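Breakdown of the fold
Listed below, chain by chain, are the residues.
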There are 2 protein chains.
Amino acid sequence: MARTDISTLGEFGLIRHLTQDIRPKDNTTKYGIGDDAAVLDFKGYQTLVTSDILLEGIHFNLEYVPLKHLGYKAAVVNFSDIYAMNGRPTQLIVSLGVSKRFCVEDLEELYAGIRLACELYGVDIVGGDTTSSMTGLTIAVTCIGEAKKEDIVYRNGAKVNDLICCTGNLGAAYMGLQLLERERAVFHSSNAASTGSNHNSPPNVGGVPAGGGGINPSYDPQRAFEGREYILERQLKPEARKDVIAALKKAGIRPTSMMDISDGLSSELLHICTQSGVGCAVYADKLPIDYQSAAMAEELNMDIVTCALNGGEDYELLFTIDQKDYERIIPVEDVNIIGYIQKPEFGCNLIGRNGEEIALKAQGFNAFE
Amino acid sequence: MARTDISTLGEFGLIRHLTQDIRPKDNTTKYGIGDDAAVLDFKGYQTLVTSDILLEGIHFNLEYVPLKHLGYKAAVVNFSDIYAMNGRPTQLIVSLGVSKRFCVEDLEELYAGIRLACELYGVDIVGGDTTSSMTGLTIAVTCIGEAKKEDIVYRNGAKVNDLICCTGNLGAAYMGLQLLERERAVFHSSNAASTGSNHNSPPNVGGVPAGGGGINPSYDPQRAFEGREYILERQLKPEARKDVIAALKKAGIRPTSMMDISDGLSSELLHICTQSGVGCAVYADKLPIDYQSAAMAEELNMDIVTCALNGGEDYELLFTIDQKDYERIIPVEDVNIIGYIQKPEFGCNLIGRNGEEIALKAQGFNAFE
């Protein structure tokens, strides 16, 4: 495969190369790439804005994350934030910092993933900035969306007796990450005996594909990943719950509070409770868990409930609804009722299988530890 | 001065600490920091969006750029892009990637600069993302603005016979950078004899204040910078030309094309000409140059016209106006007419003092070289 040095194109050439056939499609986009700023028109709608920064070695490891998947994920996690406001993502702004390790074709791959996500979700790429970096890859993405004022759902609207719902299942992305980290360690291990053991050493972040130390000659990736495609996909190519937002609308349900689960259920529930001034009770046996996640946890001697509570990057929606909407939520696909909102003095608790109450903690993902 | 480790606050704690007393003021900001996305309302206006990513070692050198200035500049350069559309900046989203080298107080400084700029320009900080980084400091800023549809000025509207105008003066920020780079080299030099010479070695990027090798004991920064405050300020604390946008409006002038000068006049003029399908002629002796810039160029044996054409980071406005607006532009303060738009077949040329024509080239700032 060709590896064209980025300096042959220069900054303007690179931007042109990556964006030349990007055409705005959404009717709120009046002018996209090519001027000092993009121009958007949201007549009668309110504008939503969210931003994420992804840094190599902190948020992703290119040893096992393909660049196309990375681009896809970088876009989708921002769409997820807009859906979590009950809005519709409309525009994306992509800024890249790129070290000399990367060539034009690498960035094409990254952009291909971003563009695929934008096409599937109906979002226009309208600008950004591309520059060199002294170190690694930096991806900063800003997503713009729209919603009618009366449709927007904040984190602060949960009321006592509301039902707590979450979509899909939890902990799958985290278990996928554990699997990838373990296999990375095994792949680099020169000691075949370590195959199948839990990895104990911290990941050697910042590497590039096929880089690193000794490679285990008997390593068989096919065998390692078979039957675990679902948790891998949840980690490498997550989706935003556009479908559920549409289904809730169709069902005539407006959540009283909502956010997406990026740092883990516990952490997000505490955000909603703090901002709404309420407490909550969540049932451990109501937490939705996929069998692949459960099997992986078992194999790694991890507690799947803890993983479901604290594993990040699920990008499922967490929301609360009024009790009066109970009948309406039942037929909505892929939504689970996992608990209820209570008075703040009762705290934020997990109710175990034997009725025991355990205070929820925001372990989540702390990039500063 | 205290140096609080960022890990003592964690990600959420750090964001809270830096943003807790930020309150939206602009009436287009319906909801700022604290949810999945910010909520903005631009009734009857179009929305403008621009984004910039600043990386340590590429865009700034913390050896001589104070963090507060860096924050100020990171905000202002984005405001400048919105003014260059003839719009009004309204919201800012700030994402940071921060290595272990930085403490909480460092980020307070950076934020103080961002907030000062936002206060002076009337812009709300409405969100962002803060995370750790394996390396150095990364600042990604997105600015939102608004304008009436009929007021927005694009790069592609220049017409043959339009007058080319630029604000303020050119090359000052670049000369300030040259001075800082020279003094940095002198400061680190153990050989006092090199004082006053042009620096020949590439800057040792990525350093921190007071780091680095040998320090020249006889170095006197007071003496080095005296009488050069203006060019230093242009480099370290640039301003966006909000004043000129207001003055043009008051004078009843709507430019036919406009952009801000971040990569250098030549580069920007070529953007306008390419996008408008026209050529241009610019007079060397009409280029506005401050005497401090000229003196610095003289001292460094550099050609000041080349510096004015290709030096970046001036953040002045470059625009074209219809000839009919000639009488109206004369009384507008700090605007210079530097040339005219011509048919594309005549090319994009600089006209020298002796009438010679030299084709303009986009040297500009190429971060990939």
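Description of the structure in this document. (Residues numbered from 1 in each chain as written. Chains lettered and ligands numbered in written order. Predicted model: local features only at pLDDT ≥ 70, side-chain atom pairs only at ≥ 80, totals over all residues. Heavy atoms only, no water.)

Along chain A, the regular secondary structure elements total 11 helices and 13 strands. At 22 Å, chain A has a C-alpha radius of gyration in line with the 21 Å of a compact globule built from 369 residues. Along the longest, intermediate and shortest principal axes, the C-alpha atoms of chain A span 60 × 60 × 35 Å. Taken over 369 residues, chain A has a buried fraction of 59%. Partitioning the intrachain contacts of chain A with sequence separation of at least 6 by distance along the chain shows that 85% fall at a separation of at least 24. Looking at chain A as shown, the accessible area adds up to about 15100 Å², and 51% of this sits on carbon and sulfur atoms. Averaging the locations of the 33 positively and 50 negatively charged side chains of chain A gives two centres separated by 5 Å. (Helix = DSSP H or I, 4+ residues; strand = E, 2+ residues; numbered from the N terminus. Rg over C-alpha atoms; globule rule 2.2 N^0.38 Å. Buried < 20%, exposed > 50% of the residue type's maximum accessible area, 1.4 Å probe, protein only. Contact = heavy atoms within 4.5 Å. Areas by Shrake-Rupley, 256 points an atom, 1.4 Å probe, with all protein chains shown as cover. Lys, Arg positive; Asp, Glu negative; His and termini not counted. Charge placed at Lys NZ, Arg CZ, Asp CG, Glu CD.)

So, on to the interface of chain A and chain B. Facing the 68 residues of chain A at the interface are 68 residues of chain B. Each partner contributes to the roughly 5400 Å² buried at the junction of chain A and chain B, and carbon and sulfur atoms together form 58% of this total. Counting every contact that joins chain A to chain B gives four salt bridges. Put simply, A:Arg155 and B:Asp35 hold a salt bridge, and the shortest N to O gap is 3.5 Å. Ranked by the residues each element gives to the side of chain A that touches chain B, the list is headed by strand 3 (residues 46-55) of chain A, at nine residues. Classifying every residue of the side of chain A that touches chain B by side-chain character gives 32 nonpolar, 24 polar and 12 charged. Where strand 3 of chain A and strand 2 (residues 38-41) of chain B come together, four bridges link them in antiparallel fashion. Each bridged residue has a counterpart across the sheet, and for A:Val49 the counterpart in strand 2 of chain B is B:Ala38. (Buried area = accessible area lost by both parts, 1.4 Å probe. Salt bridge = Lys/Arg side-chain N within 4 Å of Asp/Glu carboxyl O. Nonpolar A, V, L, I, M, F, W, Y, C, P; charged D, E, K, R; others polar. Pairing = 2+ DSSP bridges.)

Residues and elements named next belong to chain A. Where helix 1 (residues 10-19) contacts helix 3 (residues 104-121), the axes come no closer than 10 Å and their chain directions differ by 40°. It follows from the interaxial angle that helix 1 and helix 3 lie oblique. Of the two possible hands of crossing, helix 1 and helix 3 adopt the one that is right-handed. Within the contact between the two elements, helix 1 uses Leu14, His17, Leu18 and Thr19 and helix 3 uses Val104, Leu107, Glu108, Tyr111 and Arg115. In the contact of helix 1 with helix 3, the residues fall into five nonpolar, two polar and two charged. (Axes fitted to C-alpha atoms, helices over the stretch in contact; angles between N-to-C directions. Parallel < 35°, antiparallel > 145°, perpendicular 65-115°, else oblique. Left-handed = near helix turned anticlockwise from the far one by under 90°.)

On to the sheet that holds strand 13 (residues 357-359) of chain A. All names here are of chain A. Reading across from one edge, 8-10-7-11-9-12-13 is the order of the seven strands in this open sheet, with mixed pairing throughout. The strands lining the two open edges of the sheet, one partner per strand, are strand 8 (257-261) and strand 13. Taking the axes of each pair of neighbouring strands and ignoring which way they run, one obtains an average angle of 25° across the sheet. Direction of pairing for strand 8 relative to strand 10 (residues 316-321): antiparallel, over a ladder of five bridges.

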